[in-house]
Amino acid sequence: MKRLVFTLFYLCLVTYASAQNEDKLFGPVETPRIRQGFIINGNVGVDLPAADMAKRFGVSYRLGPALLYKTKSNWIFGAKCDFILGNIVKQDSLMINIRDKYSGPSTHLYEFINGSGERVGVPVYEVGYVIGLQFGKIISFSEHHPDNGLMLLTSSGFIQHKIDIYDNDKSVPQLMGNYLKGYDRLTNGWFVEQYAGYTFFGKKGLLNFTLGLDALFGFTQGRRDYLFDVMRPDTAKRLDILYGLRGGWFIPIFKRKSEDMLFQGK
């Protein structure tokens, strides 16, 4: 984590130093104008859970699109949707009433006796999504690269996650239909997320990206009235925290001075 923070600081420093050297070598040049327009963003990241989230899941991954608008003052606002995926489920009590006693979280595979008397393995996954609005600003370090710098972005909206019990063949009667809902630990609520990372827009071409760190705080609640394996409701309030490393690839659609649209990153 310390290396990543140092790398982000180094990128910002290099951008500033490059601008200063340009003045020394070639003399004063016309200051570029801050560009405005829409930004199509594809995000991918890896998250470490904390608080209640760490009791149920391990490392997870997020990916998804975002649509942003960047103003002439480098303010940014828009919306995003991330999908949460993971294969580490720590819930010890999960399906303890119906699964084989030798299967569980340590094996990442839950075994059952199906309707034909055969032993079958059923994997489980973490799945979910995050959808919300975003607002922030790019803080530039150079007048010659006014679109580039430190981006601070705050997001808020709705988060949902659950345990996906993947009985693909529908061979375990205890996991069919509404019975499945008695095990999946469906949880949702609202969240707030803060992102800080270095952001770069090339003058032309495909080199438009952001890389940084974020922290998501989910104020959620269990949404199942009854869990079959532990024989109680699952309606407790939770604090679900995700700390992550996030990267994004931009396709900016900026305006020219003539108000014609300039498509970059094609």
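Residues numbered from 1 in each chain as written. Predicted model: local features only at pLDDT ≥ 70, side-chain atom pairs only at ≥ 80, totals over all residues. Heavy atoms only, no water.

### Some details on the packing of aromatic side chains
Aromatic ring pairs are defined here through the distance separating the ring centres and the angle between the ring planes.
In step 1: Within this structure, the stated rule accounts for 14 aromatic pairs.
In step 2: Here the basic side chain of K70 rests over the ring of F201, its NZ or CZ set 6.0 Å away from the ring centre. (Phe/Tyr/Trp six-rings, centres within 6.5 Å; stacked < 30°, edge-to-face > 60°. Lys NZ or Arg CZ within 6 Å of the ring centre and 35° of its normal.)

### Some details on the side chain of D47
In step 1: Counting through the fold element by element, D47 comes out in strand β1 (residues 37-51).
In step 2: In this structure the side chain of D47 is engaged in a polar contact, spanning 2.8 Å, whose partner is the side chain of R62.
In step 3: Aside from chain neighbours lying at most four places away, what touches D47 is V59, S60, R62, D214, L242, Y243, G244 and R246. (Helix = DSSP H or I, 4+ residues; strand = E, 2+ residues; numbered from the N terminus. Polar contact = N/O pair within 3.5 Å; in protein donor to acceptor, adjacent residues only side chain to side chain. Contact = heavy atoms within 4.5 Å.)

### Describing the pairing of strand β7 (residues 149-165)
In step 1: Pairing of strand β6 (residues 124-140) with β7, which is carried by 17 bridges, proceeds in the antiparallel orientation. Across the sheet, residue E126 finds its bridge partner in β7, namely I163.
In step 2: Sheet topology note: the β7/strand β8 (residues 187-201) ladder contains 13 bridges and is antiparallel. Bridge pairing links G157 to F191 in β8. (Pairing = 2+ DSSP bridges.)

### Let's talk about unusual backbone geometry
In step 1: With a phi angle near 55°, M95 is a residue other than glycine that sits in the positive phi range.
In step 2: Within the secondary structure layout, M95 lies in the loop between β3 (75-86) and β4 (110-113).
In step 3: Despite not being glycine, M231 has its phi angle at roughly 55°, a positive value.
In step 4: Here M231 shows up in the loop between β10 (224-227) and β11 (232-234).

### Things to note about a nonpolar patch on the surface
In step 1: A cluster of nonpolar residues, V44, L63, F83 and L85, forms a patch on the protein surface that exposes about 360 Å² of accessible area.
In step 2: Among the secondary structure elements, L85 is positioned in strand β3.
In step 3: Taking the relative accessible area as the measure of exposure, L85 reaches 43% and is therefore partly exposed. (Patch = residues over 30% accessible without salt bridge, like charges linked within 9 Å, V, L, I, M, F, W, Y side chains within 5 Å. Areas by Shrake-Rupley, 256 points an atom, 1.4 Å probe, with all protein chains shown as cover. Salt bridge = Lys/Arg side-chain N within 4 Å of Asp/Glu carboxyl O. Buried < 20%, exposed > 50% of the residue type's maximum accessible area, 1.4 Å probe, protein only.)

### Side note on the pattern of salt bridges
In step 1: Applying the stated criterion to the full structure yields 16 salt bridges.
In step 2: Linking E193 and R62 is a salt bridge whose minimum nitrogen-to-oxygen distance equals 3.1 Å. Of the two residues, E193 is situated in strand β8 and R62 in strand β2 (residues 60-70); the sequence distance between them amounts to 131 residues. Each member of the pair, E193 as well as R62, is classed as buried.

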